[in-house]
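# Remarks on the overall topology
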Amino acid sequence: MQASTVPPILTTKLGQLHEIDCLAMLKGIPADTVDLAFADPPFNLGKEYSSKINDKKTEAEYLDWCKTWLDEMIRTLKPGGSLFLWNLPKWNIPLGAHLGQKLNFRHWIAVDIKYSLPIFNRLYPSHYSLLYYVKGERPAIFHPDRTPIICCRHCGGELRDYGGYKNKMNPHGVNLADVWTDIPPVRHAKYKKRAANALPLKLMDRIISMASDRGSLVLDPFGGSGTTYVAAELTGRRWIGSELDCSAISERFASLQADREHLAEIQASKNILFRTEDLARQKKSGRTLSKDYRLTEEDDCECDQPDTVQPSLFASS
Ligand SMILES: C[S@@+](CC[C@H](N)C(=O)[O-])C[C@H]1O[C@@H](n2cnc3c(N)ncnc32)[C@H](O)[C@@H]1O
């Protein structure tokens, strides 16, 4: 099954990328086949994209356009499938109201990232909105990552006192909250794939880990530098996407080694109570970790991650 009459510009063992308008790609996807749909559209801020899109529509035009592709994404979602929408709070308020007519609201996740400078006469914009909706009553797949205890980057000491609850802490880490303060912006030249829009790999790994399994189908209509597809490919998810200018994605997929190494670092720092570097800092600064913490335990994770990958893109998994 192909998502468009035009052949994909890039195919991998797990995914396919289409260099066409997202609506054309979306219309080719059968209904009820996608496990996880994610979108990071242009924000209508008048930015220049290499794809030369009009990023300065009227508010009404922008919202109508967004609702059109959101409706298509909803159609492609399986019952129990999850939809995430990344945008500025200003747009996610009306778009969330639209989604709420067809899907069930799960979370408004505030992702603390400060890209811009403070604005005169306004509060300093410090978070992006990540809306999370599900088709049907509850998500078919939900296994959020756990995060390590936040420690001082100098001495390694815990920044919060867990008092008498230390022995009750899960050795796999702290429950994921709906405010994410640990997503670094993409600044490092090694990981920055294009001008201003690439999302951090850690963000996409977290979303994909939470709402999909190996073999699940992940959809992202706005490829950009391909962060969603890279995270999906490297974690064994099938994926499908579109982008008007796919050059950055093709270049990125030509060698995934840097992304593979980056993802390995990201994954080594999750689902643990303390990061190894924090324990090393504690040791170096002569601190002793409270014996009340349980750092290891037989793996009690109940998530079932089949190792086999569905051969066909739209096969039900
Ligand atoms: C904010 S960027 C996405 C960045 C991406 N999440 C990443 O991590 O690299 C939005 C992208 O959508 C693409 N785009 C805009 N309109 C589109 C359309 N109608 N169809 C397909 N892609 C489109 C733009 O070219 C731009 O690269």
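Each value, and the rule that gives it
- Residues numbered from 1 in each chain as written.
- Predicted model: local features only at pLDDT ≥ 70, side-chain atom pairs only at ≥ 80, totals over all residues.
- Heavy atoms only, no water.
- Buried < 20%, exposed > 50% of the residue type's maximum accessible area, 1.4 Å probe, protein only.
- Helix = DSSP H or I, 4+ residues; strand = E, 2+ residues; numbered from the N terminus.
- Pairing = 2+ DSSP bridges.
- Right-handed = clockwise from strand over helix to strand, strands pointing away.
- Expected span 1.5 Å × (residues − 1).
- Arc of directions from axis to C-beta.
- Contact = heavy atoms within 4.5 Å.
- Near = heavy atom within 4 Å.
- Polar contact = N/O pair within 3.5 Å; in protein donor to acceptor, adjacent residues only side chain to side chain.
- Areas by Shrake-Rupley, 256 points an atom, 1.4 Å probe, with all protein chains shown as cover.
- Nonpolar A, V, L, I, M, F, W, Y, C, P; charged D, E, K, R; others polar.
- Salt bridge = Lys/Arg side-chain N within 4 Å of Asp/Glu carboxyl O.
- Phe/Tyr/Trp six-rings, centres within 6.5 Å; stacked < 30°, edge-to-face > 60°.
- Lys NZ or Arg CZ within 6 Å of the ring centre and 35° of its normal.
- Axes fitted to C-alpha atoms, helices over the stretch in contact; angles between N-to-C directions.

This part takes up the pairing of strand β4 (residues 77-87). Of all eleven residues in β4, ten are buried; the element is thus mostly enclosed. Looking at chain direction, strand β3 (residues 34-39) and β4 are connected through five bridges and run parallel. In the sheet register, Ala37 faces β4, and the bridge partner there is Leu83. Running through helix α2 (residues 59-76), the crossover from β3 to the neighbouring parallel element β4 is right-handed.

In strand β2 (residues 15-18), alternate side chains face the same way, and those of Gly15 and Leu17 on one face and Gln16 and His18 on the other are all buried. As paired elements, strand β1 (residues 10-11) and β2 share two bridges and run antiparallel to each other. When the sheet's bridge partners are listed, Leu10 is paired in β2 with Leu17. In this antiparallel pair of consecutive strands, β1 and β2, the connection spans three residues. Summarising the sheet, β2 and strand β9 (residues 238-242) pair through four bridges and their orientation is parallel. Directly across from Gly15, in β9, lies its bridge partner Trp239.

In this section: helix α7 (residues 257-268). Look at α7: 17 Å from first C-alpha to last across twelve residues, which is about the 16 Å you get at 1.5 Å a residue. Within the sequence span of α7, burial applies to Asp259, His262, Leu263 and Ile266. Along the axis of α7, the buried positions cluster into a sector of 100°, meaning they face one direction only. Where α7 is buried, its residues contact α4 (201-211), α5 (227-234) and α6 (247-254).

Residues in close proximity to the ligand total 23 residues, the closest being Asp40, Ser51, Leu199, Ser225 and Glu243. One nitrogen or oxygen atom from the main chain of Leu199 is found 2.8 Å from an oxygen atom belonging to the ligand. Within the side chain of Ser225, an N or O atom sits 2.6 Å from an oxygen atom of the ligand. Here the ligand, which alone exposes 610 Å², has 97% of that area covered by the protein. Class assignment of the residues belonging to the shell around the ligand gives a composition of twelve nonpolar, seven polar and four charged.

Let's shift gears to the pattern of salt bridges. What the rule picks out here adds up to 16 salt bridges. Residue Lys114 pairs with Asp112 through a salt bridge whose shortest N-O separation is 3.0 Å. For Asp112, a relative accessible area of 26% gives the class partly exposed. One salt bridge connects Arg275 with Glu277, and the closest N-O pair in it is separated by 3.3 Å.

Glancing now at the packing of aromatic side chains. Per the stated rule, a full pass over the model turns up 13 aromatic pairs. Centroid distance Tyr62 to Trp65: 6.1 Å. Interplanar angle 45°. Geometry classified as tilted. Note that Tyr62 and Trp65 are positioned in helix α2 at a spacing of three residues, about one turn of the helix. Three or more aromatic residues joined by ring pairs form one cluster here, namely Tyr62, Trp65, Trp69, Trp91 and Phe222. One Lys or Arg, Lys90, reaches over the ring of Trp91 and ends 4.6 Å from the middle of that ring.

Think of a sheet as strands paired side by side through backbone hydrogen bonds, with each pair either parallel or antiparallel. Sheet architecture is open: nine strands sit in the order β1-β2-β9-β8-β3-β4-β6-β5-β7, paired in mixed fashion. A strand with exactly one partner marks an edge of an open sheet, and here the two such strands are β1 and β7 (179-180). Pairing geometry for strand β5 (residues 104-112) and strand β6 (residues 127-134), over eight bridges, is antiparallel. Across the sheet, residue Trp108 finds its bridge partner in β6, namely Leu131. Across the sheet, α4 is in contact with β3, β4, β5, β6, β7 and β8 (217-220); its angle to β3 comes to roughly 155°.

Geometry only, nothing functional implied.
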